[in-house]
Amino acid sequence: MALNIRQNEIVEIARSEGRVVVEELAQRFDVTLQTIRRDLTELAEAGLLDRVHGGAVARTGVVNIGYEQRRRMNEGAKAAIAKACAAEIPDNSSLILNLGTTTEAVARELLHHQNITVVTNNMNVANILLANPGCDIMVAGGALRRSDGGLVGDLTTQFFEQFKVDFAIIGTSALDHDGDLLDFDLVEVRVSRAILRQARRSFLVTDHSKLGRPAPARITSLSEIDTVFTDRPMPGDLAEKCRLWGTRIVTAQHGRLPGGQSPIADRPA
């Protein structure tokens, strides 16, 4: 199912607030109640929400949203996050990019970097970076997951253990309010942990829709991440934890600011 802009926003609201109400959505988007009910029915049929009396709630469970749906969600936010992250990757550096649509957005922002080495288990990242002649690409072995072009498994983990890179840039399926990075696939979690071990600095790229989303497998804590690139300010309690941990937060705002300023707000830890 290809989501329209309104449906994407409805899913975002449900994930951030836990529940959406038909009347409130109709007023927000200036459409009829019938239109909103139809949207919610279609989103429920796509497995993104659960219908309840008067509205819908965010779906919980142990299965991730399909890759194509994830790729279309929050595209503007992901592009802003990727731009902010890539701006902190210097030429003449080495990095690992793992699975995820946001790390793929980072790859697109690295197309003009010079003399970089990218190690990845993401076939989509490798294909994107083919267009950059100044980038050496190292692709992991392992079992190819057709659903998203990811390589996972013990061979993938062993491959990453052969490297020591300047930066690890990872995404996450979910971010708990206590600062834990979460995923749906334990095999992928083991790969992500190996990636973090093999990097001198670690960057997390994640948009606001991941916050509070449930997933069963823990990758690590934000306390082990050097910098988080996101599109909205962290909740106050989590931002305070990051400050105490020394985890820097960079908020990349979607859109341009008055006067042509860069849409990147840096919040130091």
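Relevant structure appears above.
Residues numbered from 1 in each chain as written. Predicted model: local features only at pLDDT ≥ 70, side-chain atom pairs only at ≥ 80, totals over all residues. Heavy atoms only, no water.

Caption draft 1: Summary view of the pattern of salt bridges. Counted under the stated rule, the structure contains ten salt bridges. The salt bridge partner of Arg 145 is Asp 148, with a shortest N-O separation of 2.8 Å. A residue is classified by how much of its surface remains accessible, and Arg 145, at 19% relative accessible area, is buried. Asp 148 sits in the buried class, given a relative accessible area of 11%. For Glu 188, the salt bridge goes to Arg 145, with nearest N and O atoms at 2.7 Å. With Glu 188 in helix H9 (residues 186-197) and Arg 145 in strand E7 (residues 143-145), this pair connects stretches of sequence that are 43 residues apart. Three or more residues joined by partner-sharing salt bridges are found here, namely Arg 145, Asp 148, Asp 185 and Glu 188. (Salt bridge = Lys/Arg side-chain N within 4 Å of Asp/Glu carboxyl O. Buried < 20%, exposed > 50% of the residue type's maximum accessible area, 1.4 Å probe, protein only. Helix = DSSP H or I, 4+ residues; strand = E, 2+ residues; numbered from the N terminus.)

Caption draft 2: Inspection of the sheet that holds strand E13 (residues 217-221) at higher detail. Strand order in the open sheet formed by three strands is E10-E11-E13, with antiparallel pairing between adjacent strands. Where the open sheet ends on each side, the last strands, each with one partner, are strand E10 (174-175) and E13. Along the sheet face, H9 touches strand E11 (180-183) and E13 and points at about 15° away from the line of E13. (Pairing = 2+ DSSP bridges. Contact = heavy atoms within 4.5 Å. Axes fitted to C-alpha atoms, helices over the stretch in contact; angles between N-to-C directions.)

Caption draft 3: Local environment of the environment of Asn 92. With respect to the element layout, Asn 92 can be found in the loop between helix H5 (75-86) and strand E4 (94-97). Considered as a pair, Asn 92 and Ile 116 are 24 residues apart in the sequence and their alpha carbons are 5.1 Å apart. Among all residues touching Asn 92, those that are not within four sequence positions of it are Gln 114, Asn 115 and Ile 116. A distance of 2.7 Å separates polar atoms of two side chains, one belonging to Asn 92 and the other to Asn 115. (Polar contact = N/O pair within 3.5 Å; in protein donor to acceptor, adjacent residues only side chain to side chain.)

Caption draft 4: Fine view of a nonpolar patch on the surface. A cluster of nonpolar residues, Met 123, Val 139 and Leu 144, forms a patch on the protein surface that exposes about 230 Å² of accessible area. With respect to the helices, strands and loops of the structure, Leu 144 is situated in strand E7. (Patch = residues over 30% accessible without salt bridge, like charges linked within 9 Å, V, L, I, M, F, W, Y side chains within 5 Å. Areas by Shrake-Rupley, 256 points an atom, 1.4 Å probe, with all protein chains shown as cover.)

Caption draft 5: Local environment of helix H6 (residues 101-109). Within H6, seven of the nine residues are buried, which leaves the element mostly enclosed by the surrounding structure. Among all positions of H6, only Thr 101, Thr 102, Thr 103, Glu 104, Ala 105, Val 106 and Ala 107 are buried.

Caption draft 6: Layout of helix H10 (residues 236-245). Inspection of H10 places Leu 238, Ala 239 and Cys 242 among the buried residues, and these make up the whole buried set. Relative to the axis of H10, the buried residues are bounded by an arc of 100° and lie together on one face. For H10, the exposed residues set more than 90 degrees away from the buried face come down to Gly 236 and Leu 244. At the C-terminal side of H10, Gly 246 shows a positive phi close to 80°. (Arc of directions from axis to C-beta.)

Caption draft 7: Region of interest: the nonpolar core. Core analysis: the largest hydrophobic core is formed by 28 residues, its most contacted members being Phe 160, Leu 181, Leu 222, Ile 225 and Met 234. Looking at which element gives the most residues to this core, the answer is H9, with four residues. Residue contacts for Ile 225: discarding those within four places in its chain leaves Ile 170, Leu 181, Leu 196, Ser 202, Phe 203, Leu 204, Thr 220 and Thr 247. Core analysis: the next-biggest nonpolar cluster, separate from the first, contains 26 residues, Ile 81, Ala 86, Ile 89 and Val 205 among them. (Core = buried A, V, L, I, M, F, W, Y, C linked by side-chain atoms within 4.5 Å.)

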